[in-house]
Amino acid sequence: MTSFETSARVGDARSGKLHCRDTVVETPHLFPVINFYCGGLARTHFGGGVFRTVKEFLSNEVPAANGTDYSEYFRGVMTSVASLTDFGLSRERYLSYLETPVKSRPEFAEFDGALFVDSGGYKLLNEGSLSGTNFSIETSQKLIHGIQRAFGADIAVNLDLPFEESDVYRDRVSKTEATASFAAEFVNMDAEGSRRYLTVHGYSKAMLDRFFDTVARTLPGPIDQFYDGIAFGGLVPKKDDLNGLINAVSSLKTVLAERNLSHLPIHVLGISGRAMPLLIALGVDTFDSSTYLHSAINGKYSTSLFTSTNVAEADFDICDCPVCTSPALRQQMRGDAEYQKDILGPVAVHNLILQQQFVKRLRRSIAEGNREQLRTFLENAYQDRPQSRKFAYRVINQTLGSYF
Ligand SMILES: [Zn+2]
């Protein structure tokens, strides 16, 4: 079964469709990070302050969503097994959260996007267990996949051990071997119709070659016989290093091409913002990010993919998104709300919409197959950003043909 079809290409950029059970996600696409379980009860959408208000938008709940349909901004969402422990959790609550898949719960009945459930390997393997207030379960591939299934994951990844800046060669080798053995264990588990993505780590061609060689040795057949996509991880510490990100993604593309795996969709874990358009130009298909939400928690209202202002100083007239054009939500964002979550929740959703609108324009430009249009679009996006502009030119030259 083909889970990913590409329909247009411009240079290395591609647009297509990702099929996950009943949901189709148009690519390139940004998956906002959603924390479904924040330690609360069903009647409060499982709690979580600003997280909760975002869930009210996702599930089209009055009064937050106020009758407006926000589903197009939540066509695909990311959540992590590790987020279960973010708010302190009792054993009883833990078990009740795993009783019913997210999309089968009446609280989220309106949500019909694709659910990507990250393993949370970095956090949970470091801690050694998934722990609550009165219980602790040792981390294993089996435990994590059990939770991914209980969430009703449409896309799930194997447990993985990302590299850290301080790692020496032998740390990277042993982490690669550990991730490869999780990847081999994962393919023997019943995925119940969910897509499997292989987590991949490495910043250079040599590291990625070693990674793929190690994984290939542990699997009983070709990687694409068992995996439907690639989840490129460990890049969050490099989020402000555009040069490093471009090198890593370009290297991954080369390694996949050499191994006849170019047909697999590529998801970059934990990256959005100013790097995203360039990584799309290099051929990345999906991303996830919680930036929209964490900026809002810090009182930041996005004014572009690159800039933001304090929400108290924001001019909502410059934005035509459904949040900023709603008189009720504008009033809330100005501070006229009982709870902080109702001031900053709409700001988070505005921040998300701004990024989604940008990705949508980029997706259309690729779908139209117009090289000049894409080039101009990227150039305009970066022209006032001296720090990023030279990297934009590098990507344009590399993927869309020489410009200068
Ligand atoms: Zn807006």
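Refer to the structure presented above.
Since we're looking at a predicted model, the values are computed, not measured.

How each quantity is defined
- Residues numbered from 1 in each chain as written.
- Predicted model: local features only at pLDDT ≥ 70, side-chain atom pairs only at ≥ 80, totals over all residues.
- Heavy atoms only, no water.
- Buried < 20%, exposed > 50% of the residue type's maximum accessible area, 1.4 Å probe, protein only.
- Helix = DSSP H or I, 4+ residues; strand = E, 2+ residues; numbered from the N terminus.
- Pairing = 2+ DSSP bridges.
- Core = buried A, V, L, I, M, F, W, Y, C linked by side-chain atoms within 4.5 Å.
- Expected span 1.5 Å × (residues − 1).
- Contact = heavy atoms within 4.5 Å.
- Axes fitted to C-alpha atoms, helices over the stretch in contact; angles between N-to-C directions.

(A) Spatial organisation of the pairing of strand E3 (residues 23-27). Residues Thr23, Val25 and Thr27 line the buried face of E3, whereas the alternating positions Val24 and Glu26 sit on a face that is not buried. When strand E2 (residues 13-20) meets E3, the two strands line up antiparallel, connected through 5 bridges. Bridge pairing in E3 links Cys20 to Thr23.

(B) Seen up close, the nonpolar core. Phe36, Tyr70, Phe74 and Phe212 are the most contacted members of the largest nonpolar core, which has 121 residues in total. In terms of residues, this core owes the most to one element, helix H12 (residues 340-367), which gives 11 residues. Judged by nonpolar contacts, the second largest core, of 13 residues, contains Leu18, Cys20, Val25 and Ile155.

(C) Here's a closer look at helix H5 (residues 169-186). Relative to the 26 Å expected for 18 residues at 1.5 Å per residue, H5 spans 26 Å between its end C-alpha atoms, a close match to the ideal helical length. Within H5, the full set of buried residues consists of Arg172, Lys175, Thr176, Thr179, Ala180, Phe182, Ala183, Ala184 and Phe186. Lining the buried residues of H5 we find helix H3 (121-127), helix H4 (141-151), strand E9 (155-157), strand E10 (195-200) and helix H6 (205-218).

(D) Representation of the sheet that holds strand E5 (residues 76-80) in the model. In space, the 8 strands of this open sheet follow the order E4-E13-E12-E11-E10-E9-E6-E5, with parallel pairing throughout. Each edge of the open sheet carries a strand with a single partner, namely strand E4 (29-32) and E5. Across the sheet, the mean angle from the axis of one strand to that of its neighbour is 25°, orientation sign disregarded. Note: E4 against strand E13 (residues 286-289), 4 bridges, orientation parallel.

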